[in-house]
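Listed below, chain by chain, are the residues.
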Amino acid sequence: MALPAVEQALDEAGFAAQLDDWPQRRRGDAIAADLTALGAPVPARLVAPRLDTVAAQWGAAYVIEGSRLGGALLARGVPDDLPRSYLATPQAPGAWRKFLECLDKHLRLPQDITQATETARAVFGLFEQAGRHVTG
């Protein structure tokens, strides 16, 4: 519900101009495939925060790229008979380091860092909203 919404918002904002390998980093299709393999419906997307500045885009991307690191750790505990393409989506060597270098290059001014942080918090809130929806 949250990840595909944020990915779509980043696509619509033209984030690929900021991070050239952005299209390869997307994982919305992987989570949909896992849900389908489990026989679960793919839920409707939530509404992502506005990503109308470069700083906001980097704040949103930071959250979903960071979740990839956690997903890799979680994937180790998923039994072999269950789908885990979302959690174990391959990543090129050095991709996190490249992401951080690009983020640092684009977020130099204090106001940019503030806006990226505010957007990151809003994206975390979107994931929380999705979790609350699922757990009822």
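Our structure's up above, just so we're on the same page.
Residues numbered from 1 in each chain as written. Predicted model: local features only at pLDDT ≥ 70, side-chain atom pairs only at ≥ 80, totals over all residues. Heavy atoms only, no water.

## Some thoughts on the packing of aromatic side chains
Here is the rule we go by: Between rings of Phe, Tyr and Trp, where Trp is taken as its six-membered ring, a pair exists when centres lie within 6.5 Å; planes separated by under 30 degrees are stacked, by over 60 edge-to-face, and by other angles tilted. For the purposes of this entry, the term helix denotes a DSSP run of H or I that reaches at least four residues, the term strand denotes a run of E that reaches at least two, and both are numbered from the N terminus. The buried label applies to any residue whose accessible area, calculated with a 1.4 Å probe on protein chains only, is under 20% of its type's maximum; exposed applies above 50%, and partly exposed to all values in between.
Within the structure shown, the criterion is met by five aromatic pairs. Relative to W58, the ring of F15 has its centre 4.9 Å away and its plane inclined at 75 degrees; by these criteria the two rings are edge-to-face. Of this pair, F15 sits in the loop between α1 (3-13) and α2 (22-25) while W58 is found in helix α4 (residues 54-75), placing the two residues 43 residues apart along the sequence. The exposure class assigned to F15 is buried, which follows from its relative accessible area of 0%.

## Comments concerning the packing of α4 against helix α6 (residues 110-135)
The packing of two helices is summarised by the inter-axis angle and the distance between the axes. As a reminder, the rule being used: Only the stretch in contact is used when a helix axis is fitted, and all axes are lines through C-alpha atoms; the angle between N-to-C directions ranges over 0 to 180 degrees. These descriptions rest on fixed angle ranges, namely under 35 degrees for roughly parallel, over 145 for roughly antiparallel, 65 to 115 for roughly perpendicular, and the rest for oblique. A clockwise turn of the near helix away from the far one marks a right-handed crossing, whereas an anticlockwise turn of less than a right angle marks a left-handed crossing. We call two residues in contact when some of their heavy atoms are within 4.5 Å.
Axis separation between α4 and α6 bottoms out at 7 Å; the angle between their running directions is 45 degrees. It follows that α4 is oblique to α6 by the angle criterion. In this structure, α4 crosses over α6, and the sense of that crossing is right-handed. Contact residues: A55, A56, G59, A60, V63 and I64 in α4; D112, Q115, A116, T119, A120, V123, F124 and F127 in α6.

## A few points about the packing of α4 against helix α5 (residues 95-106)
Orientation of α4 relative to α5, taken along the N-to-C sense of each, is 160 degrees, at an axis distance of 11 Å. One element, α4, and the other, α5, form an angle in the roughly antiparallel class. Like other packed secondary-structure pairs, α4 and α5 cross with a definite hand, here left-handed. Residues V54, W58, A61, Y62, E65, G66 and L69 of α4 pack against W96, F99, L100, C102, L103 and H106 of α5.

## As for the side chain of R25
Quick note on the threshold: The definition of a polar contact used here is a pair of N or O atoms within 3.5 Å, where within protein one atom must be able to donate a hydrogen and the other to accept one, and adjacent residues in sequence count solely through side-chain atom pairs.
For R25, the position within the fold is in helix α2. Among the polar contacts made by the side chain of R25, one reaches the side chain of E65 at a distance of 2.5 Å. With sequence-adjacent residues up to four places away left out, R25 is seen in contact with E7, L19, E65, R68, Q91, A95, K98 and F99.

## Brief notes about α1
Within the sequence span of α1, burial applies to L3, P4, A5, V6, E7, A9 and L10. Contact partners of the buried residues in α1: α2, α3 (28-37), α4 and α6. G14, located one to two residues past α1, shows a positive phi value of around 80 degrees.

## Quick look at α5
The following threshold applies: Given the number of residues in a helix, its expected span is that number minus one, multiplied by 1.5 Å. Along the arc lie the directions from the helix axis toward the C-beta atoms.
Taking 1.5 Å of rise per residue, the 12 residues of α5 would be expected to cover 16 Å, and the 17 Å separating its terminal C-alpha atoms lies within 8% of that figure. Along α5, the positions that sit buried rather than exposed are A95, F99, C102 and L103. In a view along the axis of α5, the buried residues occupy a sector of 100 degrees, so they form one face of it. Opposite the buried face of α5, by more than 90 degrees, sit the exposed residues R97, E101, D104 and K105. Elements in contact with the buried residues of α5: α2 and α4.

## Observations concerning the pattern of salt bridges
Definition in use: By definition here, a salt bridge exists when the distance from a side-chain nitrogen of Lys or Arg to a carboxyl oxygen of Asp or Glu is within 4 Å.
Inspection of the entire model under this criterion finds 10 salt bridges. Of the charged contacts in the structure, one is a salt bridge between K98 and D21, with a shortest N-O distance of 3.7 Å. Highlighted residues: K98 in helix α5 and D21 in the loop between α1 and α2, separated in sequence by 77 residues. A relative accessible area of 26% places K98 in the partly exposed class. Accessibility expressed as a relative area gives 17% for D21, which makes it buried.

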